[in-house]
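# Survey of secondary and tertiary structure
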Amino acid sequence: MNKQKFSIFNKENRAILRAFAGFLIGFFLIITILTAFLLVPKINKSLESQHITDSTISLQIKSELFRHFIEDYHSLLADLAKYPVVTSAALLSKSDNPDFIDLVDNFLIDGKKSRLVLKNIAGEVIYQTSKDLEGDLISNPPWLKNIFEDEAPYYFKLIGQEKNSFRFIIAVPVIYRGYTEGILSAEITAHLNDIFSSQTINDSGGLKLRQGNVVIQSDIDDIAVPRVISKDIIAPNIELTYIGDDAPIIAAQNKLRNNILGTLFIGLVISFILFTILGYKVLEGRQESATHHKVKKNLYILPIITALIGTAASISAFLIIKGVPDIASWMSLSVLLSGITLTFFITYSFIQFIRQQQIIESVVAQRTKEVQELTSAMENAVEGVSFIDPQGCYRFVNEAYAAFCGYKPTELLNKNWEMTVHEDDRQMMTDAYQAMLKSGKTVDEPRGLRKDGSVFYKRTTMISKYDEDGNFIGHHCFMGDITERKKAEEEILRSNAELERFAFICSHDLQEPLRMIRSFSEKLQEHIGDQFKQDEKGKKYFHFIIDGATRAQNLIRDILAYSSIDSNAEQFEEVCVENLISMIKDNMIMHIEDHNCKITHDELPTILGHKTQIYQLFQNLVNNGLKYQGDNTSPHVHIGVKDTGDHWEFSVKDNGIGMEERHLNKIFDVFQRLHKKSLYAGTGVGLSICKKVVERHGGKIWVNSAKGKGSTFYFTLLKPKNLENQND
Amino acid sequence: MIKEPKLAEILLVEDNEGDIELTKEAFKEAKFRNNLHIAEDGDEALDFLYKRNDYEGAATPDVILLDLNLPGTSGREILEIIKADKNLKIIPVIVLTSSEADKDIIESYNLHANCYIVKPVNAIKFIDVVHHVENFWVDIVCLPTKVG
């Protein structure tokens, strides 16, 4: 047998692999896309909102700090405004008091000499610490009016910013005995850090303070992606704004996404590679037992490792997500679960796939073994086996086949079949070949031709052979040498012919002398006449003579009937058993009436058979039923029938004397009798004829009986369809 | 051993009326007084030997003449039964049959038949043979004393 090179990329495997790879890739894509488009944005959004919340809280704290900052300056100034020299200066609109000038000129704010202005109720400047003061401090801004009218909280005014510092004005009322007598305002320069300290929310973020058109802000030039994150209104006209930098957030988000996707992707890629390697090994290993064994041993290890990697990847993803604060737990859990489920599902599918492969492998191995055994069996078979192609040439010939024909197998290979068949039978085999093409199988017995030219008989069975696509590729020819059997058959035919001749002689030549004995005994009786009437002994002797001759004639008649069953090769015909029984009844009408007999029957079928023989069969059985009866009985025979599928089972039941069980096995033997002649006459051939007829019709016969209980004879006859098959 | 002349009890198992007639005639002409019993089939013969059914009180035969071809229970079966029975096996059984087949002869002796005689076709010879049988088995041969 040719060993075909195994390819994992054969038609079947390709389809399986394609489906499997498609399945894996599809799943990977789905899980990755789901993670990328659903989970990551959610996580990002959550991160962002967390960030904003944090910023807002920080900003509120910052606002509070700013309020305290102003309050501190305010308190400082308010304390100054309470000095009596200050209130009297405001009240009298005079600033020539040396104590006052000394107090105000030496008043320090943040360790520096302050820049102060005192106005009276009319808004006139009573005193100012330096001449270069301008703007709000000298003029009367709208908010000053509010302070005078006691509606203030507006005692604060931003002026502007210089690089790292900013200036503002703060004003307090000068109150004497419950009445506002003047305004004391100060221009203060503070460091930006005093309000926008380095303890801001995010190093990279910036703060912005706005009052009207004046804006003071920390350095925001280095913010990559600025975005207003939060605002806080400190006073009705002052607001504090936090400008965040989104770049770190975006970076954090990207990092997180990459971590999740990367972990999943690497886990899945490793799984995929392992699967591919294992799958290849499994498929490749089918032919090589060692590799195969190894793969089988590792069948569960590799997928389990893969599953563990997948699980680890999922857990890593889970942990990454878990590190992000305030992410809904279901979300992270779902990643974990889907990862684990995916890997286990793939693992399971793969194991199933491998199992299937193993089953296929074992079937293939089994079949291969069978084919090898079969081939070996064919080569060594006792029967001749050959394969012949559509051109009629031998393509395979085993030892036995060649030996029957007197050749060696190699001598027949690629030779035409005609050389092994007798020329007179070649046409017959050509016809048989045509028949085989139609029916698929033919059996013939042609004469074969040996190498040395001698003739032998063979039995050939030709079976047509088709390839997978149904194309005829030739036929198998099985051959047996049946020369011995043919000779025996010829011998049997010859001896059968002799027997027939013998039977013919019996029927005619032997009947003749017997007839002479009978006739002339009677003649002699007449001839002796009166004298004979007195001679009892003589009469007895004559009786023996005539009786003996009569019995001999009956025996000859019956044995002839028995032997003719075989030689009669007439075609079978349809026989209506119902009609047959009527005929039997008609023929026996005298006997039936004389002996008060009754013959009944079921509804009987039409069968295919030899009419005369079937008639004989039923007549013998009915006859026996009526004959073997005790004294003073009313004989009753019933003919029944039962359908047993392939056969009709007939029964002939009587109410006669029955038989002892020990005799039942011999009643179908020729000449076998159970009763003495004086009781029941007969030759002992009747049932033998029945048996032979039944057997010739493809059935069997048997009897159920008990002494005194009557007998029932059963026999089966093949149904027409089955009979034809049997004859084939 | 000198004995009182006595009636020789002979059982003929035979279904052929002609042979029965000839045997009867032969024994009528016999030197010794004898009592010829006839059983026409195997079952009847067994009934006679076991003294049952219609044969209660029947004599135990001194000699049995047995045909092989009998309806129902065959001569072979009877021979087998007799020779297997410790009471009956001492009775000499003379197979008297029309069969010349070696198979029958060997089988009969295997079953311990005491002798095997083929019926002559000729009636006179038949009677002659029966005379010889009678002469030998009744007169010459010493038979065991009957018990009971």
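Treat the numbers as computed from the prediction; the structure is a model and nothing was measured.

Our focus in this paragraph is the nonpolar core. All names here are of chain A. In terms of nonpolar packing, the biggest core is built from 44 residues, with Phe168 and Leu209 touching the most fellow members. Looking at this core, the element that brings in the most residues is helix H1 (residues 11-81), giving 9 residues. When near neighbours in sequence (up to four residues on either side) are disregarded, Leu209 contacts Phe66, Leu158, Ile195, Phe196, Val214, Val215, Ile216, Ile234, Ile238, Glu239 and Leu240. Residues Ile581, Cys597, Val622 and Phe650 belong to the second largest nonpolar core, which totals 42 residues.

To continue, consider the confidence of the model for chain A. Summing up the model confidence of chain A, the mean pLDDT is 79 and the portion of residues at 70 or higher is 77%. Confidence drops under a pLDDT of 50 for residues 1-6 of chain A, and excluding neighbours within four residues, the segment shows 7 contacts in the predicted structure.

With that settled, consider the interface of chain A and chain B. Tallying the contact residues gives 17 residues for chain A and 16 residues for chain B. Roughly 1,300 Å² is buried in total at the junction of chain A and chain B, and carbon and sulfur atoms are behind 37% of that figure. Area buried by chain A at its contact with chain B is led by Phe544, Lys676 and Lys677 of chain A, which between them contribute 37% of it. At the boundary of chain A and chain B, one finds 4 salt bridges. Here Glu21 of chain B ties to Lys540 of chain A by a salt bridge, and the two come within 3.0 Å at their closest N and O atoms. Looking at the side of chain A that touches chain B, its residues break down into 3 nonpolar, 5 polar and 9 charged.

Moving on to the sheet that holds strand E24 (residues 711-718) of chain A. Picture the strands of a sheet paired through backbone hydrogen bonds; they go either parallel or antiparallel. Residue and element names in this part refer to chain A. Here we have 5 strands laid out as an open sheet, ordered E19-E21-E22-E24-E23, and mixed in their pairing. The outermost strands of the open sheet, each flanked by one partner alone, are strand E19 (598-601) and strand E23 (701-705). Going from strand to strand, the sheet's axes swing by 15° on average, the running direction of each strand aside.

Let's shift gears to the sheet that holds strand E4 (residues 125-128) of chain A. Residue and element names in this part refer to chain A. Taken in spatial order, the 5 strands line up as E4-E3-E7-E6-E5 in an open sheet, and their pairing is antiparallel. Where the open sheet ends on each side, the last strands, each with one partner, are E4 and strand E5 (156-162). Neighbouring strand axes in the sheet, compared pairwise and without regard to direction, differ in orientation by 20° on average. For E5 and strand E6 (residues 165-176), the ladder comprises 6 bridges, and the chain directions are antiparallel. Across the sheet, Gln161 pairs through a bridge with Phe166, a residue of E6. This element, helix H3 (residues 98-105), spans strand E3 (115-120) and E4 of the sheet and lies at about 55° to E4.

Let us look at the pattern of salt bridges. Scanning the model with the defined rule gives 35 salt bridges over all chains in all. Glu695 of chain A serves as the salt-bridge partner of Lys691 of chain A, at 3.8 Å between the closest nitrogen and oxygen. Of this pair, Lys691 of chain A and Glu695 of chain A both sit in helix H19 (residues 686-696), 4 residues apart, roughly one helical turn. For Glu695 of chain A, a relative accessible area of 45% translates into the label partly exposed. Asp19 of chain B is the partner of Lys119 of chain B in a salt bridge, and the nearest nitrogen-oxygen pair spans 2.5 Å. Remark: Asp19 of chain B occurs in helix H1 (residues 17-28) and Lys119 of chain B occurs in the loop between strand E5 (115-118) and helix H5 (123-140); sequence separation between them is 100 residues. The burial state of Lys119 of chain B is the same as that of Asp19 of chain B; both residues are buried. One continuous salt-bridge network, built from bridges that share partners, spans Glu445, Arg459, Arg485, Lys486 and Glu489 of chain A.

Residues and elements named next belong to chain A. Going through the model one piece at a time under the given rule, you end up with 21 aromatic pairs over all chains. Taking 5.4 Å as the distance between ring centres and 15° as the angle between the ring planes, the aromatic pair formed by Trp702 and Tyr714 counts as stacked. Pair noted here: Trp702 is in strand E23 and Tyr714 is in strand E24, with a separation of 12 residues, a long-range link. Take Trp702: its relative accessible area is 28%, and that puts it in the partly exposed class. An aromatic cluster is present here, built from Phe66, Phe69, Tyr73, Phe156, Phe166 and Phe168 joined pairwise through their rings. A cation over an aromatic ring shows up here: Lys692 above the ring of Tyr562, its NZ or CZ 4.0 Å from the ring centre. When the ring centre of Trp702 is taken as origin, the NZ or CZ atom of Lys700, which lies over that ring, is 5.5 Å away.

Residue and element names in this part refer to chain A. Structurally, the position occupied by Glu124 is in the loop between E3 and E4. Note: C-alpha distance between Glu124 and Gly182 (58 residues apart in sequence) is 9.2 Å. Leave out the neighbours within four places in its chain, and Glu124 touches Leu118 and Lys119.

Judged by side-chain polarity, Ile30, Ile33, Leu34, Phe37 and Leu38 of chain A come together as a nonpolar surface patch covering roughly 530 Å² of accessible area. Overall, Leu34 of chain A belongs to the partly exposed group, its relative accessible area being 41%.

Attention shifts here to unusual backbone geometry. Backbone geometry places Asn596 of chain A, a non-glycine residue, at a positive phi of 55°. Structurally, Asn596 of chain A can be placed in the loop between helix H17 (589-594) and E19. Phi at Lys51 of chain B is positive, roughly 50°, even though this residue is not glycine. Its relative accessible area of 31% is what places Lys51 of chain B among the partly exposed residues.

Turning to the environment of Phe404 of chain A, a few remarks are in order. Structurally, the position occupied by Phe404 of chain A is in helix H10 (residues 399-404). Other than its neighbours up to four places away in sequence, Phe404 of chain A contacts Val382, Glu383, Gly384, Arg450, Phe456, Met479, Gly480 and Asp481 of chain A.

Residue and element names in this part refer to chain A. Close contact between helix H18 (residues 611-627) and H19 brings their axes to 9 Å; oriented N to C, the two are set at 140°. On the basis of the axis angle, H18 is oblique to H19. When the axes of H18 and H19 are compared, the crossing they make is left-handed. Residues Gln613, Ile614, Gln616, Leu617, Asn620, Leu621 and Asn624 of H18 form the contact with H19, whose own contacting residues are Gly686, Leu687, Ile689, Cys690, Val693, Val694 and Arg696. Tallied by class, residues from the contact of H18 with H19 come to 8 nonpolar, 5 polar and 1 charged.

Definitions and limits used
Residues numbered from 1 in each chain as written. Chains lettered and ligands numbered in written order. Predicted model: local features only at pLDDT ≥ 70, side-chain atom pairs only at ≥ 80, totals over all residues. Heavy atoms only, no water. Core = buried A, V, L, I, M, F, W, Y, C linked by side-chain atoms within 4.5 Å. Buried < 20%, exposed > 50% of the residue type's maximum accessible area, 1.4 Å probe, protein only. Helix = DSSP H or I, 4+ residues; strand = E, 2+ residues; numbered from the N terminus. Contact = heavy atoms within 4.5 Å. pLDDT = per-residue confidence, 0-100. Buried area = accessible area lost by both parts, 1.4 Å probe. Salt bridge = Lys/Arg side-chain N within 4 Å of Asp/Glu carboxyl O. Nonpolar A, V, L, I, M, F, W, Y, C, P; charged D, E, K, R; others polar. Pairing = 2+ DSSP bridges. Axes fitted to C-alpha atoms, helices over the stretch in contact; angles between N-to-C directions. Phe/Tyr/Trp six-rings, centres within 6.5 Å; stacked < 30°, edge-to-face > 60°. Lys NZ or Arg CZ within 6 Å of the ring centre and 35° of its normal. Patch = residues over 30% accessible without salt bridge, like charges linked within 9 Å, V, L, I, M, F, W, Y side chains within 5 Å. Areas by Shrake-Rupley, 256 points an atom, 1.4 Å probe, with all protein chains shown as cover. Parallel < 35°, antiparallel > 145°, perpendicular 65-115°, else oblique. Left-handed = near helix turned anticlockwise from the far one by under 90°.

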